[in-house]
Structures are given as structure tokens and as C-alpha cells.
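# Coordinate analysis (summary)
Read off the chains here:
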Amino acid sequence: MRDSINLRSDTVTQPTEAMRRAVATAEVGDDYYRDDPTVRALEEKAAELFGREAALFVFSATMANLVSVLSHTRRGQSVILEASAHIFNNEAGFLAAFGGLTPRTVKGTRGRLTPDQVEGAVFPKDVLHPQTSLLCLENTHNAAGGTLLTLAQTEALAARAHGLGLKVHLDGARIFNASVALGVPVAELTAPADSVTVCLTKGLGCPVGALALGSRDFVGEARRWRQVAGGGMRQGGVVAAAGIVALDTMVDRLAEDHANARRLAVLLAEAGLLLDPPPEEVESNILFAEIPAALMEAGLFVERLRGEGVVVNPPRNRRIRLVTHLGVTAEDIEAAGAAVRRVLGKG
Ligand SMILES: Cc1ncc(COP(=O)(O)O)c(C=O)c1O
């Protein structure tokens, strides 16, 4: 029997054979002494690819966001984020727990803020208010459905933020998806931000790891915060080796995931689910679908779908998120569409 079709997240992927070989043969040393040649090679490769002075290898995108935000801020300050930003909602409250920061959230359109919204969210500079010091952006935007921030939008947001004296951190956990979808190199697309998080474990298929990128001073500060968070590594090259394979070989194929997501959206819409964004506006590898109450109770739909070999996360308010990735083929997408039709009695 074939494995199930797992659409829960692009983090469910298995490392490729090439990654496993690289991990098995990685040359390593103690990274506390900067003696791990594989960690250094990954950091240098990433810094070059993103046109930055330096990069820091960390365990996860959450940790990359954490060390980046803490490097740009001081306790008591305020950070502007889109209301459904991953940093605000899904990173266990580190802004408050570790940073002593006041999040100022603003609802965007499909995860996108405008420069005027950013300006409106800056607290007055006086003794009463927390001082706003950072704008966090997210590209692609997970909770909005893998939506894109174009280069022009990123430039406009960063220009306004910088004009207001703020730093800009870009949560680019899926920045390679954005780059492939927009046809803009990552160095250009992320240049307006002061720092960038890049995740290796999502579309790129690594088992562990992410990077925080920026100036040499920023990365020096982020390295100290990584230590505070208990994130220093010894022979980290064992996992960094897979990251090198990912940057070298796993980026271009993301276009397949995007095509698969769009096709899946069409199949789900044809079966009667409500897509938001609609199929023609699915921009990368994430989509959200609502199961209308008239069709089936959403929990039952998910359970029956699992019985058909298609796995998704439990619904929230009748909505499910589906994510394509390297473990899902175009044939799997057709099979998933057929399974949905069967579950809904339309097969
Ligand atoms: C936009 C975004 N940023 C950061 C993260 C954090 O990644 P991790 O959970 O691997 O630390 C995620 C995870 O899904 C994400 O979607």
C-alpha cells in the first residue's frame, strides 16, 4: 500500500538521499570555537546568496526570528506586525516572554500591510508610550494563504519604516517560495529589510535548521542571543550539511509545489469547498479551504479524508489548511482531489 498523501505542512518532508549522504560524511568541528567547516560553509553560502555580510545557522525559523528581533530591540519597546503574523501568533509569545516587547498588530489585506498602516501603528514619541523600534514582515505569509509581498511592496514598507526610524525584520521562512513565484532573486527581494529569517526545513526539505542574515554587527549580536536561548551548537555541521544540499539543489523545484497547490485548489473548489484565496489567486504552496456546513461537518470530513489516505490538520472554524511540498506529486494531487469527491459523495 502507498504512503498517505500528507498535506499538513511542508515541514513533513523526509530528507533526500543526497542530504543523508552529506550528513553522513560532513566534516565537523566545535562551532563554539568557529571550528566547524560545514557550518561556516553553509553560513558563507547563504550570506553570498542573499548579498549580506553574514549569516547565523540556528535550529529553527522560530529561533532565527527570536534572535533577530532581540538583536534589533530593547525591553519595553514596541514591534509592529500584521495581525496574523507567525511571529505574533505561533512563536509561543517570545516577544513578551523573552523580549519584554509590546506587539502592535494591524490587520492587513491577505497578510499585506500598507506603509500608511505601518505609520499609523507607530506610538507617539513621548514618555507615556512604548517606543516603536521594529517592523516585522512575512513573505510568503503563512496564515494568509502563502501570499506574496512583491519587491515593490517590500521596498515601500521598508522605506516608510526606515523613514520613521524603525528597523525592518523579514520573516522569510518561505522566502524561496516567494522568490520562485515572483521570479525575483532572494538577494533583491530581501534587500530592503535589515535582517532576514530563512528556513531550511519547509519547502527545501531539510530535517533541521534555519538562518538569520544581516550585517556583521547584527549577526554578532544574534549569535549572542542564540547563546542566551541555549541554541549554540558544537558539531553543528552534521545538520548544516543538509542545508548546503538544500540551497544548492532544492530551490528551483518549488515551482512544482506552486503548480500543485493551484491545481489542488481548483479540484477542491470543483468539489464544492470554498477557497480563500480563490484558486486563481493561490500564489505559492499554501491554501485554505472551508467545508460548507451544508456539505459535511468539517471534523468528519477530515476524518473521512484520512480514511481515504489524505492527511490534513484538524479544521478551525470549518477551515483547513493544505500545503504542497516535495513529498507530494502531481499524481497525488489528482488522487487527493478524487478522495475529496468520494468523501463528499460526488465520486
Ligand atoms: C512564516 C513562518 N515563520 C516562522 C515559522 C517557524 O518555523 P519553525 O516552526 O520551523 O521554527 C513558520 C513555521 O511554520 C512560518 O510559517
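For the structure, see preceding data.
This section reports on the structure supplied with the text. All values derive from a computational prediction rather than experimental measurement.

## Examining the sheet that holds strand 7 (residues 195–199)
Two pairing modes exist for strands in a sheet, parallel and antiparallel, and in both the strands are linked by backbone hydrogen bonds. If you walk across this open sheet you meet the seven strands as 2-8-7-6-5-3-4, and the pairing is mixed. The sheet is open, and its two borders are formed by strand 2 (54–58) and strand 4 (102–106), each paired with just one other strand. Each neighbouring strand pair of the sheet contributes to a mean axis angle of 20 degrees, computed without reference to strand direction. The pairing of strand 3 (residues 78–82) with strand 4 spans five bridges and is classified as parallel. Counterpart to Leu81 in the pairing with strand 4 is Thr105. The sheet contacts of helix 2 (residues 37–49) involve strand 2 and strand 8 (210–214), and relative to strand 2 the element is tilted by about 130 degrees.

## So, the nonpolar core
In terms of nonpolar packing, the biggest core is built from 52 residues, with Leu135, Ile175, Phe176, Leu204 and Leu211 touching the most fellow members. Those residues in contact with Leu135 that lie beyond four places of it in its chain are Ile80, Leu113, Val118, Leu157, Ala161, Leu166, Lys167, Val168 and His169. In this structure, Ala271, Met296, Phe301 and Leu305 belong to the second largest nonpolar core, which totals 30 residues.

## Details of the sheet that holds strand 10 (residues 286–290)
With antiparallel pairing, the three strands of this open sheet are ordered in space as 9-10-12. Each end of this open sheet is capped by a strand with a single partner; those strands are strand 9 (274–275) and strand 12 (319–323). Across the sheet, helix 12 (residues 254–270) is in contact with strand 9, strand 10 and strand 12; its angle to strand 10 comes to roughly 10 degrees.

## Concerning the environment of Arg318
By secondary structure assignment, the location of Arg318 is in the loop between strand 11 (310–311) and strand 12. Sequence-wise, Arg318 and Asp248 are 70 residues apart; in three dimensions their C-alpha atoms are separated by 39 Å. If near-sequence neighbours (up to four positions away) are discounted, Arg318 is found in contact with Ala289, Glu290, Ile291, Pro292, Ala293 and Ala298. Within the structure, the side chain of Arg318 is placed 3.3 Å from the side chain of Glu290, a separation counted as a polar contact.

Calculation rules
- Each chain carries its own residue numbering, running from 1 in the direction its sequence is written.
- This being a predicted model, a pLDDT of at least 70 is required before a residue's local features are given, and a value of 80 or more before pairs of side-chain atoms are given or counted; all residues contribute to the totals for chains, interfaces and linings.
- Hydrogens and waters are ignored; side-chain quantities use all the structure's heavy atoms.
- Strand pairing follows a simple DSSP-based rule, namely that at least 2 bridges must link the two strands.
- We count a stretch as a helix when DSSP gives it H or I for four or more residues in a row; a strand needs E for two or more, and each element gets its number in order from the N terminus.
- Whenever a helix is involved, its axis is fitted only over the stretch in contact; in every case the axis is a line through C-alpha atoms, and angles between N-to-C directions fall within 0 to 180 degrees.
- Throughout, a residue-residue contact means that at least one pair of heavy atoms, one from each residue, lies within 4.5 Å.
- Nonpolar core, defined: a set of buried Ala, Val, Leu, Ile, Met, Phe, Trp, Tyr and Cys residues in which side-chain atoms within 4.5 Å join the residues together.
- We call a residue buried when its accessible area falls under 20% of the maximum for its residue type, exposed when it is over 50%, and partly exposed in between, using a 1.4 Å probe and counting protein chains only.
- We call two N or O atoms a polar contact when they sit within 3.5 Å, provided that within protein one can donate a hydrogen and the other can accept it, with sequence-adjacent residues counted only if both atoms are side-chain atoms.

Read these as geometric descriptors, not functional statements.
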